[in-house]
Amino acid sequence: MLKLILARLVFMAAAGLLLLTFLFGLFHAIPGDPARLIAGDSAPEALVQSIRQAYGLDQPLMTQYTTYMGRVLHGDFGLSNFSRQPVLKIVMPRLLNTAKLAGWSMLLAMSLSLLLGSLSAMYWDRPLDRGITAFSLAGICTPIFVTGILGLYFFGVHLRWLPIGGMTSWKHYILPVLTLGLAQAAGFTRMVRACMIDALGRDFITTARAKGVPERVIVFKHGLRNALLPIITFFGLGLGHMLGGAAVAESIFNWPGLGRLMVDSILTRDLPLTQGCIFFFAMVFILVNLVVDLLYRWADPRIAHD
Amino acid sequence: MDILRRYARDRVGLFFGIVLLAFYVIALTANWITPSDPFETNLAEGLQPPSAAHWFGTDQFGRDTFSRVILATQVTARITTISLLFSLLIGVPIGMVVGYIGGLADAVVMRLTDMLLIFPTIMIAIIIVVVVGPSQSGVVIALGLSQLPNFIRIARSAALSVRQELYVEAAVAAGASWPDILLRHVLHNISGPIIVKSTLALPGFVLGASSLSYLGLGVQPPTPEWGQMLHEAKDFLTSAPYLIIGPAIALSLFVLSANMAGDSLNETLDPKLKGRRVKRILPRLAGRIA
């Protein structure tokens, strides 16, 4: 196991280096003169020239690449074009905020979908199951910026129960977490339902029923445990996609997270900041993937022996 | 014809298929059926609640929201159709070739798509927008490229199973060259699953286009797009909440009908799946955008 984790960490480092190379290429693939971009459209040519020299943009590409990689490996992602703050210093607190939002939403999505999915499978093809299926279909078909804005209107503007943006008190968490969590729960529920229907149809469930095991124990212990394997994979995949959705949710609720920072930096053409955001987002995705992989091996020891 | 008749047997699927078709009819005729000019501003009539003249009210510039929702249907239909073609025309040949020849090329392409599939499509789309810039064509390229791995995989697995068939072996024995086999036998036999997957991927394209536009990275004003209209409407939640009605309904209904119609079509072309609708949602979940 330890060897595996170590191998995976090496893979992650390699993926990180590849990603940095890609981002460096990205920086140079963007049309326009980067020095001109930093200086601004109306800046005199002399200033642009001095910036070009200060940033080493007049150096050959290979030299620029090695200096860039060297700097990044020391944790120096450069300065934001606008605030002049180190990128790392701006990104870190934002990353934490996104993690808070995604963490609570994920918790909500997982617990709700396990409950609803199991209930749906227990009452298969009956009114309760139909109702839950309709809920999840509605959730899958409604983009989060629609549900988010509707929630914002009813609870924030119309009823005035909840704040409409920011993240200063626990009340600020309710709308964003509900929007993101319910959207994810909708997809998860269908998946848990399918896995549970599959698990509850196996022979050992019939045996348990014949022995007189209570239905509650059958579903939540025997059924759920056997359905867990595919569920873990989908929860992991879902977490990655939820981080993607977080970019949209953050922009609806003015949540000071990494997703909104990334979008803002693209709109203001703040390239060093965009690079930093993409790098950290990507590393989170890779990390999540590794954790899911390890969890999967833990849940099904048979895989480890393959 | 037989397929159409079988498709029509599923009442729910038929209904949503007709709704989806209606969206495309609206998209094609949008230039003639808008009750007023979607771009004409009239500040004196700004932010008016729904009325007989303006069904969804007017926005801050006095433009008729109903007309803008109709024109947005055209914009969405155009973006999704072109980006879908983009993914198909690039993804299917790549997937087909690597699936058929196998070996190193197959392994490399598969590892690459594996790596790309770790990232949510919206993230890949956003990164592509950084390079090509926020615009309508930017959305098309971003969506087309970000969905590419899915299409490569579909075409590959279809080609892989066709390769084992006896008729391919017969063609090889008869001395057919491999481009000939790919075009005549493989492409012909994988077109069914690819058509189905294309309809199932449609909701993802629509959601992607509107999410990017909502973030300000997609369709730029004054061109209307549902996501972009919702983004503008958000600023007037207190004074003009009715502005969200039109785009919200249109967007959700389009995605819902594309989902249901795709499901039905899938069932029609592959009767083995009958009654197992839940299971088919799984692979699509992975491609979900927002």
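Residues numbered from 1 in each chain as written. Chains lettered and ligands numbered in written order. Predicted model: local features only at pLDDT ≥ 70, side-chain atom pairs only at ≥ 80, totals over all residues.

## Details of the overall build of chain B
Put simply, the rule reads: The helix count covers DSSP runs of H or I at least four residues long, the strand count covers runs of E at least two residues long, and both are numbered beginning at the N terminus. Whether two residues are in contact is decided by their C-beta atoms, placed from the backbone, lying within 7 Å.
Along its length, chain B carries 12 helices and 0 strands. Ordered by position in the sequence, the α and β elements of chain B form the string α-α-α-α-α-α-α-α-α-α-α-α. Taken along the three principal axes of its C-alpha coordinates, chain B extends 75 × 45 × 35 Å. Taking as baseline every contact in chain B between residues at least 6 positions apart, the subset at least 24 positions apart corresponds to 70%.

## Observations regarding the interface of chain A and chain B
Quoted interface sizes are often the accessible area lost when the parts come together. Condition: Polar here means any residue other than Ala, Val, Leu, Ile, Met, Phe, Trp, Tyr, Cys and Pro, which are nonpolar, and Asp, Glu, Lys and Arg, which are charged; Gly is therefore polar.
Between chain A and chain B, the contact holds 39 residues from the first and 38 residues from the second. By residue number, the principal contributor to the side of chain A that touches chain B is helix H10 (residues 215-252) of chain A, which donates 10 residues. When its residues are assigned to classes, the side of chain A that touches chain B shows 28 nonpolar, 9 polar and 2 charged.

## A short note on the packing of helix H10 (residues 226-234) of chain B against helix H11 (residues 245-269) of chain B
All names here are of chain B. Heads up, the rule is: To obtain each axis, a line is fitted to C-alpha atoms, and for helices this fit is confined to the stretch in contact; angles are then taken between N-to-C directions over 0 to 180 degrees. Crossing chirality is assigned from the near helix's rotation relative to the far helix, an anticlockwise turn below a right angle marking it left-handed and a clockwise turn marking it right-handed.
It is the contact of H10 with H11, at a shortest axis distance of 9 Å, that shows an interaxial angle of 150 degrees. Along this stretch, H10 crosses H11, giving a crossing that reads as left-handed. Within the contact between the two elements, H10 uses Trp-226, Met-229 and Leu-230 and H11 uses Pro-247, Ala-248, Ala-250 and Leu-251. For the contact of H10 with H11, the residue count by class is 7 nonpolar, no polar and no charged.

## Considering unusual backbone geometry
Most peptide bonds are trans, and most residues other than glycine sit at a negative phi. For the bond from B:Pro221 to B:Pro222, the omega torsion is 10 degrees, close enough to zero to count as cis. Checked against the element boundaries, B:Pro222 lands in the loop between helix H9 (178-214) and H10.

## With respect to helix H5 (residues 121-132) of chain B
An α-helix turns once per 3.6 residues; consequently, residues spaced three or four apart project the same way. Residues and elements named next belong to chain B. The criterion, for reference: By definition here, a helix of n residues has an expected span of 1.5 Å times n minus one. To assign burial, the other C-beta atoms lying within 10 Å of each residue's own C-beta are counted, with C-beta atoms placed from the backbone; 20 or more indicates buried, 12 or fewer indicates exposed, and intermediate counts indicate partly exposed.
Between the first and last C-alpha of H5 there are 16 Å, a value that for 12 residues agrees with the 16 Å anticipated at 1.5 Å per step. Burial runs high along H5: 10 of the 12 residues are buried. Of all the positions in H5, only Thr-121, Ile-122, Met-123, Ile-124, Ala-125, Ile-126, Ile-127, Ile-128, Val-129 and Val-130 are classed as buried. Backbone geometry just downstream of H5 places Gly-133 in the positive-phi region, at approximately 85 degrees.

## Observations regarding the packing of helix H3 (residues 65-101) of chain B against H11(B)
All names here are of chain B. Inclusion rule: Note on angle classes: values under 35 degrees are labelled roughly parallel, values over 145 roughly antiparallel, values of 65 to 115 roughly perpendicular, and the remainder oblique.
Interaxial distance between H3 and H11 falls to 9 Å at its minimum, and their mutual angle equals 30 degrees. Here H3 is positioned roughly parallel relative to H11, judged by the angle of their axes. Judged by the sense of rotation from one axis to the other, the crossing of H3 with H11 is right-handed. Contacts from Thr-65, Phe-66, Val-69, Ala-72 and Thr-73 of H3 reach H11 at Gly-246, Pro-247 and Ala-250. Taken together, the residues that form the contact of H3 with H11 break down as 5 nonpolar, 3 polar and no charged.

## Focus on the confidence of the model for chain A
The condition that has to hold: Scored from 0 to 100, pLDDT reflects the predictor's confidence in each residue.
Averaged over every residue, the pLDDT of chain A is 85; the share at 70 or more is 98%. The secondary-structure element of chain A with the lowest mean pLDDT is helix H13 (residues 301-304) of chain A, recorded at 67, while helix H5 (residues 87-122) of chain A shows the highest, at 92.

## Concerning the environment of B:Ser36
Residues and elements named next belong to chain B. Residue placement: Ser-36 occurs in the loop between helix H2 (11-33) and H3. Sequence separation between Ser-36 and Gly-102 is 66 residues, and the spatial gap between their C-alpha atoms is 56 Å. Look past the residues within four positions of Ser-36 in its chain and what remains in contact with it is Asp-64 and Ser-67.

## Brief notes about helix H6 (residues 136-146) of chain B
Residues and elements named next belong to chain B. With 8 of 11 residues buried, H6 lies mostly within the body of the structure. Taken as a whole, H6 has its buried residues at Gly-138, Val-139, Val-140, Ala-142, Leu-143, Gly-144, Leu-145 and Ser-146. On the buried face of H6, the contacting elements are H3, H5, helix H7 (148-163) and H9.

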